[in-house]
Each structure stands twice: as C-alpha cells, then as structure tokens.
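Listed here are the chains, written in short residue letters.
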Amino acid sequence: MKKMMYLAAAALLLAACNTPKTTRITGTFADDSAPETVDVVIGEALDTTVAVVDGRFDVVIPSDPTVMGYVEVAGSPIPFVADGSTITVDTEEGIAVSSDKKGVQSRLNAYNEWMRTFMDEYRAKASEFGEDEEDAAMAYFDETIAKYNDYQKKTIRENSDNILGLMALSQLAEDDAEEMLSLLNSLSDALKSLPAVEQMKASYETKIQTKEGTPFVDFTVVQDPENPETSTVKFSDYVGQGKYMLVDFWASWCGPCRAEMPNLVNVYNTYHGDNFDMLSVAVWDKVEDTVAAAPEVGIVWNQIVNAQKIPTDLYGIEGIPHIILFGPDGTILRRGIRGAQIGEAVKEALGL
C-alpha cells in the first residue's frame, strides 16, 4: 500500500503540466546498524517505504514546505521539511541537513539550535537568583520573554510561507489575541488553509469576542443526561445577576487546577457576600470525578458539572485552570488571572 501511494504521487508529478519541485531525501547507516527499510511520511499526503541498499537509502518526493515530514528509522522519527533541496539524514545524530544553506530545512535547524541555546542560558541564569531576589528574577524573566517573543515574531515574518513560520507562531508567548490573529493572517494562503491553522484562527477570534470589556456569552449544560429536566443549568443563572462573579474553569485531574484552589478558597472566605460570589465550572472531566474532588479541594461555592467543551469552545480556553472575573452585569472584567492576581482583581473590582 505504501509503495502504491508513492508510485501514485510520482505519477501525478509526471502528469502535471508544470512539474512541481521535488526534494531528495538520502541517508546512510553503518553496516552493522542498517535496517532493511525506512519509512518516509508527510502527513496524509505521503507514506512510502524505501529500501536500504548497502547501508544507504535515496528517494525523491514532492516538495511541500508547509508541513513537517519524518523519516522513521526503527520507529524513531527524524523530522525534515521537503523544501526542494537535497536533504541528508544523519541517522546517528537524528537530524536532517539540507544542501541549501538558506532553505527552510537549514533555517529550521538554526531555529532549533537557537531555542536550545536560549533556554539553556535562561535556566542557568535563573538558577542564580536567591530567594530574596524575587524582583530581580521577575525582571530577568520579563526581559527574557520580550527577547523570546521578538525572535519568534522575526521568524514568523521571514517564514510566512512555510512550516517554520507556523511553528514560531505556536511557540509565541503572547496573550494578545488580536496580535496573534494579525500574525496568523500574515501567513500564506497555503498555511492558513491547514485545518490546524483554521482552528487556531477560530480560537483567536473567539478570544477577541470574549476579551476583557465584552459581555459574557451564555451557555447551557445538562449536568445529568439521565435527568435533563432537573439538572439543566445556564451560565446566566449565576453570571449577570447583579454580583461580581469569579468563575474558575477546572477539572479534577488537573494538577495546576488543584494547586490554585487554596488561592480561590482564600478569596471566597475573604470577599464572599452580597456583592461577590464564585462559581466553579468543571470541563473535560467525568461527573463522578468532579463530584468526588470538589469537597477534597475545598469547593463550597456554586458549581456546574459536566460542562465538557461547551464553555471552553465559547471562551477560547485552551488550558486550565482559566479564571475569569465578571462584573454585576456580566461584563468580562479580567480573564486568565492566577495566584495573587485573583485576590487583587477582586479587591480592586469591589473598590476595597
């Protein structure tokens, strides 16, 4: 089947009026380590088995710099980008090297090396700060993030038509959904048509629609499918009812969610009253696990269980815990707050 797929791809190349670019993939093994075959895979477009003869394999495939390919050697994938060059796979080091020093593969290798060096330097420096140097450590972190983001944005601009630009976009540590959407829209049409990119775009658009200062989006949850009439609740049963409402989207299996609970318990005990209340919304979780975990972590406030993907899709939530503070009329005041930010946001909203 794999050989037939490869022959079909080759036939399409020959039949085309304008022959597309091709990429040559080659590699060698030491005599005592050579397998009989390797697999060359590019998403769903190509999956072919290549024979290893006298310790060497060689294959020509269609070029497509918008996706990542892999040479699978004994179950271990070695990534490459079919950028139209000759790519030599170093089977011992597990890397691919391009004949084009300015091509996408070469840029990808340089990007990966920069990332490794950058993170090693950050970890080494960060470990030098003492417990009494929290402000200095935070200042260094902010400086590092700024440098990191500048490099990612530069990479995106210089690789808007290939997979490296998309990789840099996915690595960008940027909370501004509008800027992220702008960067995504700067990518080539070929990249923007990829299903993963379309999902990213939808997520950013959702975040913009539910950013701070916008009205809340209502949703309905059937908490017990066997008893829908008595278990169905709306988000608006709690939010937009005249109180400041702090909402925690969480799951029982989520370690960071549990770690955040002491902060939430403290906020509830400090500010709960006529003007402020809290709500936990369990997402991506089994109902029985949520119900069992809630008292363990100290939840004594309102709950919605079995929400699954409903609110996370509507609010563009990609990771939990995700905590949002709503105003009395349901306006989103703060979102994505953690740790000490939670109490500070509530205190400020209440004018205390």
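Counting of residues starts from 1 at the beginning of each chain's written sequence and follows it residue by residue. Per-residue local features are limited, in this predicted model, to residues with pLDDT of at least 70; the limit for side-chain atom pairs, both in listing and counting, is 80 or more; totals at the level of whole chains, interfaces and linings are taken over all residues. Just so you know, side-chain values use all the structure's heavy atoms and leave hydrogens and water out.

Participant: Outline the overall build of the protein chain, supporting the account with residue identities and numerical values.
Facilitator: When you go through the protein chain residue by residue, the secondary structure sums to 12 helices and 15 strands. Over its C-alpha atoms, taken along the principal directions, the protein chain stretches across nearly 80 × 55 × 40 Å. Out of the 352 residues in the protein chain, the part that is buried amounts to 41%. Any two residues whose heavy atoms approach within 4.5 Å at even a single point are treated as in contact. Counted over contacts in the protein chain with a minimum sequence separation of 6, partners at least 24 positions apart contribute 62%. The accessible surface values rely on the Shrake-Rupley method and a 1.4 Å probe; as for residues, cover is taken only from the protein chains in view. Of the roughly 18800 Å² that the protein chain leaves accessible, carbon and sulfur atoms contribute 51%. Taking the average location of the 28 positive side-chain charges in the protein chain and that of its 56 negative ones, the two points are 6 Å from each other. Put simply, DSSP marks the helices as runs of H or I at least four residues long and the strands as runs of E at least two long, and each gets a number from the N terminus on. Relative accessible area decides the class of each residue, using a 1.4 Å probe on protein chains only: under 20% of the type maximum gives buried, over 50% gives exposed, and in between gives partly exposed. Under the counting rule used here, the positive set is Lys and Arg, the negative set is Asp and Glu, and His together with the chain ends is not counted. Where a charge lies is defined by one atom per residue type, namely NZ (Lys), CZ (Arg), CG (Asp) and CD (Glu).

Participant: So what about the pattern of salt bridges? Which residues, and what values?
Facilitator: Any Lys or Arg side-chain nitrogen found within 4 Å of a carboxyl oxygen on Asp or Glu counts as a salt bridge. Using the criterion set out here, one finds 13 salt bridges in the structure. Of the charged contacts, one joins E158 and K154 as a salt bridge, the two residues approaching to 2.9 Å between their closest N and O atoms. Taken together, the residues E158 and K154, both in helix α3 (residues 134-158) and four residues apart, mark about one turn of the helix. A relative accessible area of 40% means that K154 is categorised as partly exposed. Ionic pairing is found between R338 and E260, a salt bridge with its closest N-O pair at 2.4 Å.

Participant: I'd like to hear about unusual backbone geometry, residue by residue, with values.
Facilitator: I320 connects to P321 through a cis peptide bond whose omega is 0°. With respect to the secondary-structure elements, P321 resides in the loop between α11 (310-315) and β14 (322-326). For W284, which is not glycine, the phi dihedral falls at a positive 50°. In this model, N306 sits at a positive phi of 65°, which is unusual for a non-glycine residue. Looking at where N306 falls in the secondary structure, it is placed in the loop between β13 (302-304) and α11. On the accessibility criterion, N306 (15% relative accessible area) is buried.

Participant: If you had to explain the pairing of strand β11 (residues 244-250) to someone new, which residues and values would you point to?
Facilitator: The buried fraction of β11 is high, at six of seven residues. Paired strands, in this sense, are two strands between which DSSP finds at least two bridges. Sheet topology note: the β11/strand β12 (residues 276-282) ladder contains seven bridges and is parallel. Following the sheet pairing, W250 is matched in β12 by A282. In the classification by handedness, the crossover that spans β11, the intervening helix α9 (residues 255-271) and the parallel β12 is right-handed. In this structure, β11 lies alongside β14, joined through five bridges in antiparallel fashion. What sits directly across from L246, in β14, is L325. When the strands point away from the viewer, a crossover counts as right-handed if the route from the first strand across the helix to the second turns clockwise.

Participant: Can you explain the nonpolar core? Please cite residues and give values.
Facilitator: Within the largest apolar cluster, 44 residues are counted, with the highest numbers of intra-cluster contacts made by F235, L246, V247, F249 and V281. Those elements that provide at least two residues to this core are β11, α9, β12, α10 (287-297), β14 and α12 (340-349). Examining the composition of this core, we find that six residues originate from one element, α9, more than from any other. In this view, F235 contacts F216, V217, D218, F219, V247, F249, L279, V281, I304, Y315 and F326; residues no more than four positions away in its chain are not counted. Counting residues in hydrophobic clusters, the runner-up holds 25 residues, among them M68, I163, L183 and L187. The term nonpolar core refers to a set of buried residues drawn from Ala, Val, Leu, Ile, Met, Phe, Trp, Tyr and Cys, joined through side-chain atoms within 4.5 Å.

Participant: Explain the state of the cysteines to me, using residue names and the numbers behind them.
Facilitator: Any cysteine sulfur atom paired with another within 2.5 Å is treated as part of a disulfide. All chains considered together, the criterion is met by one disulfide. Two residues share a disulfide in this structure: C254 and C257, whose sulfurs sit 2.5 Å from each other. Judged by the sign of its S-S torsion, about 80°, the bond between C254 and C257 is right-handed. The class of C254 is buried, set by a relative accessible area of 3%.

Participant: Please give an account of the packing of α9 against α10 that cites residues and values.
Facilitator: Look at α9 against α10: their axes get within 10 Å of each other, and the N-to-C directions meet at 55°. The angle between the axes of α9 and α10 places the two elements in the oblique class. From α9, R258, M261 and V265 reach across to α10, where they touch A293, E296 and V297. Here the axes come from fitting lines to C-alpha atoms, over the contacting stretch only for helices, and the angles between their N-to-C directions go from 0 to 180 degrees. We call two directions roughly parallel when the angle between them is under 35 degrees, roughly antiparallel when it is over 145, roughly perpendicular when it lies between 65 and 115, and oblique otherwise.

Participant: Break down the packing of helix α2 (residues 104-126) against α3 for me, with residues and values.
Facilitator: Their axes nearest at 11 Å, the elements α2 and α3 cross at an angle of 175°. Relative to α3, α2 is oriented roughly antiparallel. Between α2, through R107, A110, Y111, W114, M115, F118, E121, Y122, K125 and A126, and α3, the contact on the second element is made entirely by Y140, F141, T144, K147, Y148, Y151, Q152, T155 and E158. Taken together, the residues of the contact of α2 with α3 break down into 11 nonpolar, three polar and five charged. The nonpolar class holds Ala, Val, Leu, Ile, Met, Phe, Trp, Tyr, Cys and Pro. Asp, Glu, Lys and Arg form the charged class, and all remaining residues, Gly among them, are polar.

Participant: I'd love a proper account of the sheet that holds β11, names of residues and values included.
Facilitator: Ordered in space as β13-β12-β11-β14-β15, the five strands form an open sheet in which the pairing is mixed. Strand pairing shows two members of the sheet lacking a second neighbour, β13 and β15 (332-335), which therefore form its edges. On average, each strand axis in the sheet is tilted by 20° relative to the strand beside it, whichever way the strands run.

Spatial relationships are all this shows, so hold off on functional conclusions.
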